[in-house]
Amino acid sequence: MAHDSVILITGANGEVGHGLIEYFANHDHAPAIVTLDLNPLDEALHPLVKAHYVGNILDDALLASIESDHAIETIFHLAALLSTSGERNPQLAHDVNVNGTQKLLDLAVRAGETHQRTVKFIFPSSIAVYGLPNVTIKESVGALAEDDYLSPTTMYGINKLYCENLGRYYARHYKQLSEEEVARIDFRAVRFPGLISAHTVPSGGTSDYGPEMIHTVAQGQPYTCFVRPDTTLPFMAMPDGIQALIDLSEAPRASLTREVYNVTSFSLRASDFAEIVTTAFPNAEIRFKPHMGRQSIVDTWAGIIDDSVARDDWGWSPHYDRDATFNQYLLPHIAEKYRTPQI
Ligand code: AKB
């Protein structure tokens, strides 16, 4: 039976999934969208997708039915456990983040063979792949390029780094011993910094202190930050994160010089975050009470990342820099969401 080509989005119910669905559904020439998530898809998105599957990415029968029902052209594989959740349950993180990704890569290979095409596989990786040995080096080393300091200390970071390599293997070397094997996967990954959304508060990540601080204070509640004031991480506004995945997926293959790209917007200390939030919400009550475990995670992550290769290869450029992220995106939407007065 002939099938129409589709884009498959896993972990579709998160905010990145929402953004991708809205983008492709409103794009004239985009294929139809099929989604997979542990939870039922938000009602509002139903008219925008061709089919939604509820279940676990480790469920082989479910993946087989998606594969037989549709001709998959592109996969955005978003489903994952984040870094703090991964330390709470390392075995589950490995199952979902590694075994789940491999199942999706295998599905992509089979879909490519069945429909005689190369399937695009778009993968969000993370700054968690970095593993700086100590804070002194973190502070002195400057912006990290893609191949610097890749010794992650979290299950999540290890999973992401391994899946970057697995994706490159499937794209470039899969079954390299067999003469007639054709590459069936075009694997492309972005390494995200902390993403900050005006609409949702993340959970299970370790960069979450940034978005938690602004959303909590905007609701008139005190916030206790779980990292030291001097902790520096790179961040990006959520719409830019979504745009990065779209831009990379649409870039001509010939312009790409690698599979995995850093993307960033601005780097900020936790104390700078608190200062900006306090300026916007003068009644803010923010205190710092570092959590040893979570602090030790962010101390190994890059404070600044170098995304010049993404800028050169596929024209990456964030729409929101630091000031625009706060003044044009976060503060107006968050104040509106919680109806809190700002100065
Ligand atoms: C996390 O904190 O785990 C994520 C990430 C930076 O990948 N937000």
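Just above sits the structure.
This is a predicted model, so every value here is computed, not measured. (Residues numbered from 1 in each chain as written. Predicted model: local features only at pLDDT ≥ 70, side-chain atom pairs only at ≥ 80, totals over all residues. Heavy atoms only, no water.)

Visitor: So what exactly am I meant to see when it comes to the overall build of the protein here?
Guide: Looking only at helices and strands, the protein features 12 helices and 12 strands. Whereas a compact globule of 343 residues would reach a radius of gyration of roughly 20 Å, the protein reaches 20 Å, a difference of no more than 12%. Taking the principal axes of its C-alpha atoms as reference, the protein extends roughly 65 × 45 × 40 Å. Split into buried and exposed, the 343 residues of the protein put 53% on the buried side. Considering only residue pairs separated by 6 or more positions, the protein has 77% of its internal contacts joining residues 24 or more positions apart. Only carbon and sulfur atoms are counted for the fraction: they give 50% of the accessible area of the protein, which is about 14700 Å². When the 25 basic and 43 acidic side-chain charges of the protein are each reduced to a single mean position, those positions are 3 Å apart. (Helix = DSSP H or I, 4+ residues; strand = E, 2+ residues; numbered from the N terminus. Rg over C-alpha atoms; globule rule 2.2 N^0.38 Å. Buried < 20%, exposed > 50% of the residue type's maximum accessible area, 1.4 Å probe, protein only. Contact = heavy atoms within 4.5 Å. Areas by Shrake-Rupley, 256 points an atom, 1.4 Å probe, with all protein chains shown as cover. Lys, Arg positive; Asp, Glu negative; His and termini not counted. Charge placed at Lys NZ, Arg CZ, Asp CG, Glu CD.)

Visitor: Just checking my understanding: could you explain the layout of surface pockets for this structure?
Guide: Sizing a probe to match a water molecule and rolling it over the atoms shows the empty space that remains. Roughly 1300 Å³ of internal volume is contained in the largest pocket. Elements with a minimum of two residues in the lining of the largest pocket: α1 (15-25), β2 (32-37), α3 (83-88), α4 (90-115), β5 (119-126), α6 (155-172) and β7 (194-196). Its residues assigned to classes, the lining of the largest pocket shows 22 nonpolar, 19 polar and 4 charged. (1 Å grid on protein atoms, 1.4 Å probe; cavity = no way out; pocket = protein on both sides within 12 Å on 5 of 7 lines; lining within 4 Å. Points joined across faces, edges and corners; volume = space filled by probe spheres on them. Nonpolar A, V, L, I, M, F, W, Y, C, P; charged D, E, K, R; others polar.)

Visitor: What am I meant to see in the environment of Ala44 here?
Guide: Tracing the chain through its elements places Ala44 in the loop between β2 and β3 (51-54). The class for Ala44 is exposed, based on a relative accessible area of 66%. With 35 residues separating them in the primary sequence, Ala44 and Ala79 have C-alpha atoms 20 Å apart.

Visitor: How should the environment of Ser207 be read in this particular structure?
Guide: Tracing the backbone shows Ser207 in the loop between β7 and α7 (209-218). Exposure remark for Ser207: the relative accessible area of 13% places this residue in the buried category. As a C-alpha pair, Ser207 and Asp240 span 33 residues in sequence and 17 Å in three-dimensional space. The contacts of Ser207, once residues within four sequence positions are left out, are Gly194, Leu233, Phe235 and Trp301.

Visitor: So what exactly am I meant to see when it comes to the pairing of β2 here?
Guide: A regular strand places its side chains so that they alternate between the two faces of the sheet. When you tally the buried positions in β2, you get 5 out of 6 residues, the bulk of the element. Of the strand pairs in this sheet, strand β1 (residues 5-10) and β2 are connected by 5 bridges, and their pairing is parallel. Residue pairing for β2: Leu8 is matched across the bridge by Val34. Read as a crossover between parallel neighbours, the route from β1 over α1 to β2 is right-handed. (Pairing = 2+ DSSP bridges. Right-handed = clockwise from strand over helix to strand, strands pointing away.)

Visitor: Explain the nonpolar core to me, please; I cannot follow it from the model alone.
Guide: Soluble globular proteins tend to pack their nonpolar side chains together in the buried interior. One finds Leu20 and Trp314 to be the most contacted residues of the largest nonpolar core, which totals 75 residues. Setting aside chain neighbours within four positions, we find Trp314 in contact with Val190, Ala244, Asp247, Leu248, Ala251, Leu256, Tyr261 and Val263. Counting residues in each nonpolar core, the second largest holds 34 residues, with Leu62, Val98, Phe187 and Ala189 among its members. (Core = buried A, V, L, I, M, F, W, Y, C linked by side-chain atoms within 4.5 Å.)

Visitor: What should I look at first to understand the sheet that holds β3 in this one?
Guide: Hydrogen bonds between backbone atoms are what pair the strands of a sheet, whose relative direction is either parallel or antiparallel. The 7 strands are arranged β3-β2-β1-β4-β5-β6-β10 in an open sheet whose pairing can be described as parallel. Looking along the sheet, the strands with just one partner apiece sit at the ends: β3 and β10 (260-262). Between one strand axis and the next, the sheet turns by 20° as a mean value, whatever way the strands run. When β5 meets strand β6 (residues 185-192), the two strands line up parallel, connected through 8 bridges. Among the inter-strand pairings, Lys120 is bridged to a residue of β6, identified as Asp186. (Axes fitted to C-alpha atoms, helices over the stretch in contact; angles between N-to-C directions.)

Visitor: Looking at this structure, I do not really get the site of the ligand. What am I missing?
Guide: What surrounds the ligand is the set Leu82, Ser83, Ser126, Ile127, Tyr156, Gly205, Thr206, Ser207 and Trp301. Residue Thr206 places a main-chain N or O atom 2.6 Å away from an oxygen atom belonging to the ligand. Between the ligand and Ser207 there is a distance of 2.9 Å, counted from a nitrogen atom to a side-chain nitrogen or oxygen. Broken down by class, the residue content of the shell around the ligand amounts to 4 nonpolar, 5 polar and no charged. (Near = heavy atom within 4 Å. Polar contact = N/O pair within 3.5 Å; in protein donor to acceptor, adjacent residues only side chain to side chain.)

Visitor: Looking at this structure, I do not really get the sheet that holds strand β9 (residues 232-237). What am I missing?
Guide: Across the sheet, which stays open at both edges, the 3 strands sit in the order β7-β9-β11 with mixed pairing between neighbours. Each of the sheet's edge strands pairs with one partner strand only, and the pair in question is β7 and β11 (266-269). Neighbouring strand axes in the sheet, compared pairwise and without regard to direction, differ in orientation by 45° on average.

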